[in-house]
Amino acid sequence: MSPTSSVPSAVPSPRPSMMTALARGLRRRCPSCGEGSAFTGYLKVKPVCDHCGTELGAIRADDAPPYFTIVLVGHIIVPLMMIVEDIWSPSLLVHSLLWLPLTALMTLALLPSMKGLTLGLMTGIGIRGDESSRRQI
């Protein structure tokens, strides 16, 4: 490690398997090594992994994490809403007081993990999210 850098100068590790990269990303760890944290804050991706030196900041997840989060939360909340309506038939006010905060909390709780999962997916596939990373088929 050089005195000016806090990132070890390691030989790049081989790309992990898809399932390994997804599991590591879901835990908000570096998809390449699984040791370093992938985030500096709630959703801010670290430029470089502290452990293996993988350039995480170059991976552009863009709109995929919010999309995956909305799909997941919607598939959980909507059936629960329908079950509660069918069994108890509460007023619209009760529905609003119950489901709006629950939806917001679930979305905020799942969004970082979905972003990590997206980073893992993109690492497992071998893309970064920009035009320079497209592979020739």
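Preceding block: the structure.
To keep things clear, this report deals only with the structure shown in the data block. (Residues numbered from 1 in each chain as written. Predicted model: local features only at pLDDT ≥ 70, side-chain atom pairs only at ≥ 80, totals over all residues. Heavy atoms only, no water.)

## Concerning the overall build of the protein
Inference 1: Secondary structure summary: the protein contains three helices and zero strands in total.
Inference 2: Secondary structure elements of the protein occur, N-terminal to C-terminal, as α-α-α.
Inference 3: Total accessible area computed for the protein in this model is approximately 8800 Å², and 66% of it derives from carbon and sulfur atoms. (Helix = DSSP H or I, 4+ residues; strand = E, 2+ residues; numbered from the N terminus. Areas by Shrake-Rupley, 256 points an atom, 1.4 Å probe, with all protein chains shown as cover.)

## So, the pattern of salt bridges
Inference 1: Here the structure, examined in full by the defined rule, presents two salt bridges.
Inference 2: A salt bridge links arginine 60 to aspartate 62; the nearest nitrogen and oxygen atoms lie 3.2 Å apart. (Salt bridge = Lys/Arg side-chain N within 4 Å of Asp/Glu carboxyl O.)

## Things to note about unusual backbone geometry
Most of the time, phi is negative for any residue but glycine, and the peptide bond is trans.
Inference 1: Of note, arginine 28 is a non-glycine position whose phi angle comes to about 65°, a positive value.
Inference 2: Along the chain, the position of arginine 28 falls in the loop between helix H1 (18-26) and helix H2 (64-88).
Inference 3: Taking relative accessible area as the criterion, arginine 28 reaches 25% and is therefore assigned partly exposed.
Inference 4: Even without being a glycine, serine 89 presents a positive backbone phi close to 50°.
Inference 5: As for its placement among the helices and strands, serine 89 is situated in the loop between H2 and helix H3 (92-125). (Buried < 20%, exposed > 50% of the residue type's maximum accessible area, 1.4 Å probe, protein only.)

## Some details on a nonpolar patch on the surface
Inference 1: Together, Leu72, Ile76, Leu80, Ile83, Ile87 and Trp88 line one region of the surface with nonpolar side chains, adding up to about 570 Å² of accessible area.
Inference 2: For tryptophan 88, the location among the structural elements is in helix H2. (Patch = residues over 30% accessible without salt bridge, like charges linked within 9 Å, V, L, I, M, F, W, Y side chains within 5 Å.)

## Considerations on the environment of leucine 56
Inference 1: When you line up the elements, leucine 56 lands in the loop between H1 and H2.
Inference 2: Taking the C-alpha atoms as reference, leucine 56 lies 8.9 Å from arginine 128; in sequence the two are 72 residues apart.
Inference 3: Setting aside chain neighbours within four positions, we find leucine 56 in contact with Cys30, Pro31, Ser37, Ala38, Val45, Lys46, Pro47, Val48 and Cys49. (Contact = heavy atoms within 4.5 Å.)

## Side note on H3
Inference 1: Leucine 111 marks the point of greatest bend in H3, at about 35°, and the proline proline 112 comes within the next four residues.
Inference 2: Count one or two residues on from H3 and you reach glycine 126, which has phi positive near 95°. (Bend = angle between axes of the 7 residues up to and from the residue.)

## Thoughts on the packing of aromatic side chains
Inference 1: A complete count under the given rule lists one aromatic pair for this structure.
Inference 2: Over the ring of phenylalanine 39 we find arginine 28; its NZ or CZ atom is 4.4 Å from the centre of that ring. (Phe/Tyr/Trp six-rings, centres within 6.5 Å; stacked < 30°, edge-to-face > 60°. Lys NZ or Arg CZ within 6 Å of the ring centre and 35° of its normal.)

## Thoughts on the packing of H1 against H3
Inference 1: Remark: H1 packs on H3, axes separated minimally by 7 Å, with the N-to-C direction vectors making an angle of 155°. What the angle tells us is that H1 and H3 run roughly antiparallel. The chirality of how H1 crosses H3 is right-handed. Residue-level inspection shows Met18, Ala21, Leu22, Gly25 and Leu26 of H1 in contact with H3, the latter providing Ser113, Met114, Gly116, Leu117, Gly120, Leu121, Gly124 and Ile125.
Inference 2: Residue composition of the contact of H1 with H3, grouped by class: eight nonpolar, five polar and no charged. (Axes fitted to C-alpha atoms, helices over the stretch in contact; angles between N-to-C directions. Parallel < 35°, antiparallel > 145°, perpendicular 65-115°, else oblique. Left-handed = near helix turned anticlockwise from the far one by under 90°. Nonpolar A, V, L, I, M, F, W, Y, C, P; charged D, E, K, R; others polar.)

## Brief notes about the environment of serine 113
Inference 1: Relative to the elements of secondary structure, serine 113 occurs in helix H3.
Inference 2: Along the sequence, serine 113 and tyrosine 42 sit 71 residues apart, while their C-alpha atoms lie 9.9 Å from each other.
Inference 3: If near-sequence neighbours (up to four positions away) are discounted, serine 113 is found in contact with Gly25, Leu26 and Arg28.

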